[in-house]
Amino acid sequence: MSKNATKLNAFPIFMRVAGEAVVIVGDGEEALAKARLLGQSSATLRIVAPAPEPDLRDWMREHGATHVAEAYDAAHLAGAVLVFAATADEALDRKISDDARAAGIPVNAVDRPELCDFFTPALVNRAPLAVAIGTEGAGPVLAQMVRARIDRLLSPSLGPLAQLANSLRDAAERVVPRGSARRRFWNEFFTGAPARAIEAGDALAARRAATQLMTHAAAVHGHIALVGAGPGAEDLLTLRAQRLLMEADVIVFDALVPEAVVAMGRRDAERLPVGKRKGCHSKSQAEINALLVALGRDGKRVVRLKSGDPLVFGRAGEEMAALRDARIPYEVVPGVTAAFAAAADLELPLTLRGVSSSIVFTTGHDLKGATLPDWAKLAISGATVAVYMGRSVAADVASRLIAAGLSPDTAVAVVENASLTGRRRFHGTLADLPSLEDRTDLTGPVMTIIGDAVAGANLERSRPLATQRLVAASEPQDTDA
Ligand code: SAH
C-alpha cells in the first residue's frame, strides 16, 4: 500500500448499476445494511440468504429484491457487476471473495478490508446528485459525521432540481450559446426562479421558469452591477458582491479598490482599471460612462467595482443615468462605506445616546463658498460628521466650523486606510485638524470624523493628531490587526 499521505489509495468513481445484478450474500444485520445502501440505486438486488433474519426478510419483500434461499454457491454470482460478502463467517466471506475475483467481479467483504476490491461510501443521496464520502476505513464515525453535515447543507429539493436540469440539458445546449451565456443560464437555473419553484414543490412552474430563462439567455443581454467593494479588506465584501464577481465577464474598477478584491473575480474575467486616484492618469467620468454603455451593448456581464458604497461619493448617479439612457439593465449592490469602517476601527459610536443622534456624510469641498452649508449647522447642533476626501481641505473645514460656532475643542478622529492592516488612527480636536494637510506621510485614503460622539471612541490605539505634525514618516505603522 502506498505510504504517500496525500494520495488516495481508493479512488472514488460512480459506477453504472441501473438494471444490473448486484449480489449480497448473508442472512443478518450486515447484509441488511448493504441491502439498504444498494437499495438507493436502481440495481437489481440478488440476496443469497439461506436463513434470513426477520428484518432482512421483510426488507426483501418490501423492496422486491430477488431472494435466493439457498446455501451460498459460486453460481449465485453469475452475471453480477458487484458482489458483497456479509456472512459474518470469515472462511465463507473469503470463499465468496475468491469466487468473485475469479469471475472478474469486484467484491466487498464487510469488515475484511483485505478481501475488498472496493469500499462503500457514506452517502448523501439527492438523486441524480450524490455525495459519496470515503475514509479508506479510517473511521466510519468520521464518515457519518461528515455525511450528516453535508446532508444538512443540501436541500432535499436539489434532487428534483438536478433531475429537471438533466431533462433540459439538450435543449439548453441547442438554445443557449456556450460560454458565459450558458454558464449564467445554469447559474440562474440552480439559484433563481426554477430552484425556488422546485423548493416550493411546484415542478410545473419550475419548468416554465427554466424555459423562460432559456429564451432570455439565448438573447445577448448586457448587465452592469454597480458594486460596493467596501473599504478595502477583502472580507468586508458582501456575499452578493462576491457572487457577481464570480459571474463577471468584465470587472471595471477604481484605483481605491485593492488588488486583492479585484483578484476575487472570476479568473477569466477581463479587468479594466479606470484610475481615479489623485495625480494618476485616469479615464474621465464621461469616458467611464461610455465604457459601461459599450460593454452593456456588447452583452457583457459587468461588475463596476467602487470603493466603499457605490452611492456615497462614487459618482454612481452619473453612471446610472448613462445606463438608463442607453436602456442597459443594471443593479446596485451596497458596500461598507469608509465612514463605517473608520468608526469600527476606532470603536467609535456614530450615534451616541444623549450626545449625537444624526450622522452627516460630507466632503468638506462645499465649504469654500460664502454661505455655510447645511451640514455645518447640523455639526453645531451635535451631529457626528464624517468627512470624505477631507485631507486637502482640513484647514477649511476646521476654520469654517469654528467660525460658525463649533468649539475648537470638539473631538476629532482620523483613520488612514480604514479596515486594512496598515491602518493608522489619530485623535485630537478641531483645532488640531489643519495639521492633516501638512502630513505628507499619509499616503492612503483618510477619513475624518468630527463631533462629541468621538469622545466615545476607544483611543487606546490611536495617536495624537497635533504632535504627529512634526514626526517623520518613518514612524512605525499602526498594525495591530
Ligand atoms: N464610495 C466610497 C467613497 C469614495 S470617495 C465609500 O463609500 O467609502 C474617496 C474617499 O473615501 C477617500 O478620500 C477617503 O476619504 C474615503 N475612504 C475610502 N476608503 C477609505 C479607507 N479605507 N480608509 C479611510 N478612508 C477611506
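Reading the values: the criteria
Residues numbered from 1 in each chain as written. Predicted model: local features only at pLDDT ≥ 70, side-chain atom pairs only at ≥ 80, totals over all residues. Heavy atoms only, no water. Near = heavy atom within 4 Å. Polar contact = N/O pair within 3.5 Å; in protein donor to acceptor, adjacent residues only side chain to side chain. Areas by Shrake-Rupley, 256 points an atom, 1.4 Å probe, with all protein chains shown as cover. Domains from an automatic or database assignment. Pairing = 2+ DSSP bridges. Helix = DSSP H or I, 4+ residues; strand = E, 2+ residues; numbered from the N terminus. Axes fitted to C-alpha atoms, helices over the stretch in contact; angles between N-to-C directions. Phe/Tyr/Trp six-rings, centres within 6.5 Å; stacked < 30°, edge-to-face > 60°. Buried < 20%, exposed > 50% of the residue type's maximum accessible area, 1.4 Å probe, protein only. Contact = heavy atoms within 4.5 Å.

### Digging into the site of the ligand
For step 1, the next point in the chain: In the vicinity of the ligand, 17 residues are found, and the nearest of them are Asp-309, Val-312, Thr-337, Ala-418 and Val-446.
For step 2, the next point in the chain: The backbone of Met-389 places a nitrogen or oxygen atom 2.8 Å from an oxygen atom of the ligand.
For step 3, the next point in the chain: Between Val-446 and the ligand, the recorded distance is 2.6 Å, taken from a backbone N or O atom to an oxygen atom.
For step 4, the next point in the chain: Compared with its free state, where it exposes 540 Å², the ligand has 92% of that area covered by protein.

### Observations concerning the domain arrangement of the protein chain
Bring the parts together and some accessible area is lost; that lost area is often taken as the interface size.
For step 1, the next point in the chain: Domain annotation for the protein chain reports domain 1 (21-120), domain 2 (158-215), domain 3 (223-333) and domain 4 (339-470).
For step 2, the next point in the chain: Using C-alpha coordinates to define each centre, domain 2 is positioned 51 Å away from domain 4.

### Details of the sheet that holds strand S9 (residues 250-253)
For step 1, the next point in the chain: Across the sheet, which stays open at both edges, the five strands sit in the order S10-S9-S11-S8-S12 with parallel pairing between neighbours. Looking at which strands have only one partner, the edges of the open sheet turn out to be strand S10 (270-273) and strand S12 (330-333). Neighbouring strand axes in the sheet, compared pairwise and without regard to direction, differ in orientation by 20° on average.
For step 2, the next point in the chain: Here strand S8 (residues 223-228) pairs with S12 via four bridges, running parallel.

### A look at the packing of aromatic side chains
For step 1, the next point in the chain: Under the counting rule described, the total for this entry stands at nine aromatic pairs.
For step 2, the next point in the chain: Between Phe-185 and Trp-186, the aromatic rings sit 4.8 Å apart at their centres with planes inclined by 65°, giving edge-to-face as the arrangement.
For step 3, the next point in the chain: Owing to a relative accessible area of 1%, Phe-185 belongs among the buried residues under this scheme.
For step 4, the next point in the chain: When the centroid spacing of 5.7 Å and the interplanar angle of 70° are considered together, the rings of Phe-340 and Phe-361 count as edge-to-face. Here Phe-340 is found in helix H13 (residues 338-346), whereas its partner Phe-361 is found in strand S13 (residues 359-362), with 21 residues between them in sequence.

### A few points about the sheet that holds strand S3 (residues 66-68)
Note: strands within a sheet are paired through backbone hydrogen bonds, in either parallel or antiparallel orientation.
For step 1, the next point in the chain: Read across the open sheet, the five strands follow the order S3-S2-S1-S4-S5; overall the sheet is parallel. Edge positions in the open sheet fall to S3 and strand S5 (107-109), since each of these has one partner strand only. Taken pair by pair, the neighbouring strands of this sheet meet at an average axis angle of 20°, ignoring direction.
For step 2, the next point in the chain: Pairing of strand S2 (residues 44-48) with S3, which is carried by three bridges, proceeds in the parallel orientation. Bridge assignment links Arg-46 to a residue of S3, and that residue is Thr-66.
For step 3, the next point in the chain: Its contacts with the sheet put helix H1 (residues 29-38) on strand S1 (21-25), S2, strand S4 (80-85) and S5, and the angle it makes with S1 is roughly 160°.

### Looking at the side chain of Ser-97
For step 1, the next point in the chain: Assignment of secondary structure puts Ser-97 in helix H3 (residues 90-102).
For step 2, the next point in the chain: Exposure remark for Ser-97: the relative accessible area of 0% places this residue in the buried category.
For step 3, the next point in the chain: Those residues in contact with Ser-97 that lie beyond four places of it in its chain are Val-107 and Leu-115.

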